[in-house]
Amino acid sequence: MPNANEDTPSALSQAQQRAVSELLRVAPVADDLARRFQEAGFSLALVGGSVRDALLGRLGNDLDFTTDARPEDVLRIVRPWADAVWEVGIAFGTVGVQKSVRVGDTEGHFQIEITTYRSEAYDRTSRKPEVSYGDSIEEDLVRRDFTVNAMAVALPEKEFIDPYGGLKDLAARVLRTPGTPEESFSDDPLRMMRAARFAAQLDFEIAPEVVTAMTEMAGRIEIVSAERVRDELNKLILSAHPRKGLALLVDAGLADRVLPELPALRLESDEHHRHKDVYEHTLIVLEQAIALEQDGPDLALRLAALLHDIGKPRTRRFEKDGRVSFHHHEVVGAKLTKKRMTALKYSNELVKDVSRLVELHLRFHGYGTGEWTDSAVRRYVRDAGPLLGRLHKLTRSDCTTRNKRKAIALSRAYDGLEERIAQLQEQEELGAIRPDLDGNQIMEILGVGPGPAVGKAYKHMLELRLENGPMEHDEAVAALKKWWAEQG
């Protein structure tokens, strides 16, 4: 690694010191692997995000390497050495390796990717990059997305390679492209979303010329597959500063192509029809939901916070008294959420969970500020099901009023609801509410076989359970017979 001198800013010197410390930690696995490549007549270098993270003092056990060895040579070198090898990315020149190595007093488990020097580009009609192999590390680095990801450390000699000024950009916390941003984004349009994601993950600024290119080339994102867009969006949403990245996607026009419901929330307002800025409200709700997370980033909760009001533009009405209404926007929003997430190829389970949270996010307000009945509490818990914890967080996050008295009142009202849920939970199994009679008992009591009648009876008994709470067996039997007699 280069030594700092008097002219080097202190930030660079500190970054170099952090990198040396991080590289020493992973040296046992990195140096051992590098020697094997050297003995086989090839070069190996730590590269990209691994070097960037080493300089930031946050290098994990996922390591990226680049080499002049072709994939078949890489496989030949690593197979006798690795604990496991996978070839999922071999069409793109990448071989995956798993290796456990003793590091000091602990066992280090490393996930390693080794990629042949390459260049890749899209043509105007393709959704997949065309990959061709290169012969020099400089050629490999120039095709990378940003200068902070275009640094390498040649191993085992630990020579620092930074032909495009990535170290200075890292110290300045700015994202630039190694070549022109137009060339970079033309090669892979997903890099425009990666710029927003890195801004959100690292809290970096985007160089003005990069933002300009993103804005002018936003339409190019449409040739990228939905799966790649989704994965990049997930990384952004799960980052430390998602608001920053999302705002960049909206301002540059990328969100119009990949998540058009978000910029649509920037509803125009005028002096006659004042109402909340729904877009700004949404970003605040997202931040407040993140603040309530307890076990790390929660993708379902964050997506629900981001999408909870997307039904508002379709349901907006200007009332005669000057107010603006959004009646049933939660129902419309749930449908739009399902449609958008399905288009982005999210799993059926996640689509179901997020759209359900969007549908339920106003349920609490429907009961007003009065005392909740036991029946209302049971229905709230039943409808939320396993999403109840997330619904608590989403509902609390949805309060962005600047009126402190109103905010405190809403918070206390929800505290009251959670207390009621806890009280009833002690008395009843709210998380698994069932009728007091199951299907077999209903058929035996009524003397009928399987069919629609049993389903109707079951539904009736469930409604009684929700309305009145648990019943004794004889009481439940009597209620069922009474209902059956009324059916004629």
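Attention in this report is confined to the structure presented alongside it.

Here strand β1 (residues 44-47) shows no split at all, with Leu44 and Leu46 on one side and Ala45 and Val47 on the other all buried. As defined by bridge partners, β1 adjoins strand β2 (residues 62-67) across 3 bridges and the pair is classed as antiparallel. Bridge assignment links Ala45 to a residue of β2, and that residue is Thr66. Note that β1 and strand β8 (residues 152-155) share 4 bridges and pair antiparallel. In the strand pairing of β8, Leu44 is matched with Leu155.

Further remarks concern empty space enclosed by the protein. By rolling a water-sized probe across the atoms, one finds the places where empty space is left. Going through the model one piece at a time under the given rule, you end up with 2 cavities of 30 Å³ or more. In this structure, the largest cavity encloses a volume near 40 Å³. Every residue lining the largest cavity is listed: Leu23, Val26, Ala27, Ala30, Asp31, Leu46, Leu155 and Lys158. Sorting elements by how many residues they give to the lining of the largest cavity places helix α1 (residues 10-39) first, with 5 residues. Lining the second largest cavity, in full, are Leu233, Leu259, Leu303, Leu307, Met341, Leu344 and Tyr346. Looking at the lining of the second largest cavity residue by residue, the class counts come to 7 nonpolar, no polar and no charged.

Attention now moves to the nonpolar core. With 121 residues, the main nonpolar core has Phe37, Phe65, Ile112, Ile114 and Met214 as its most contacted residues. If near-sequence neighbours (up to four positions away) are discounted, Ile114 is found in contact with Leu33, Phe37, Leu44, Phe65, Thr67, Val74, Val78, Gly93, Thr94, Val95 and Val97.

A word on helix α10 (residues 242-252). Along α10, the residues that are buried comprise Pro242, Gly245, Leu246, Leu248, Leu249, Val250 and Ala252. Positive backbone phi, at 90°, marks Gly253, one or two positions downstream of α10.

Put simply, the largest pocket is a space of about 1500 Å³. Those elements that provide at least two residues to the lining of the largest pocket are α2 (49-55), β2, β4 (94-103), β5 (106-116), β6 (118-121), α7 (190-202) and α9 (226-237). Here the lining of the largest pocket takes 6 residues from α7, the largest share from any one element. Considering only residue class, the lining of the largest pocket consists of 11 nonpolar, 12 polar and 22 charged.

This next bit is on the pattern of salt bridges. Taken as a whole and assessed by the stated rule, the structure comprises 31 salt bridges. Asp140 is the salt-bridge partner of Arg144, the closest N and O atoms lying 2.9 Å from each other. Taking the relative accessible area as the measure of exposure, Arg144 reaches 14% and is therefore buried. In this structure Asp140 comes out as buried when scored by relative accessible area, which is 0%. Through salt bridges that share partners, Arg52, Asp53 and Arg58 make up one connected network.

Definitions and cut-offs
- Residues numbered from 1 in each chain as written.
- Predicted model: local features only at pLDDT ≥ 70, side-chain atom pairs only at ≥ 80, totals over all residues.
- Heavy atoms only, no water.
- Buried < 20%, exposed > 50% of the residue type's maximum accessible area, 1.4 Å probe, protein only.
- Helix = DSSP H or I, 4+ residues; strand = E, 2+ residues; numbered from the N terminus.
- Pairing = 2+ DSSP bridges.
- 1 Å grid on protein atoms, 1.4 Å probe; cavity = no way out; pocket = protein on both sides within 12 Å on 5 of 7 lines; lining within 4 Å.
- Points joined across faces, edges and corners; volume = space filled by probe spheres on them.
- Nonpolar A, V, L, I, M, F, W, Y, C, P; charged D, E, K, R; others polar.
- Core = buried A, V, L, I, M, F, W, Y, C linked by side-chain atoms within 4.5 Å.
- Contact = heavy atoms within 4.5 Å.
- Salt bridge = Lys/Arg side-chain N within 4 Å of Asp/Glu carboxyl O.

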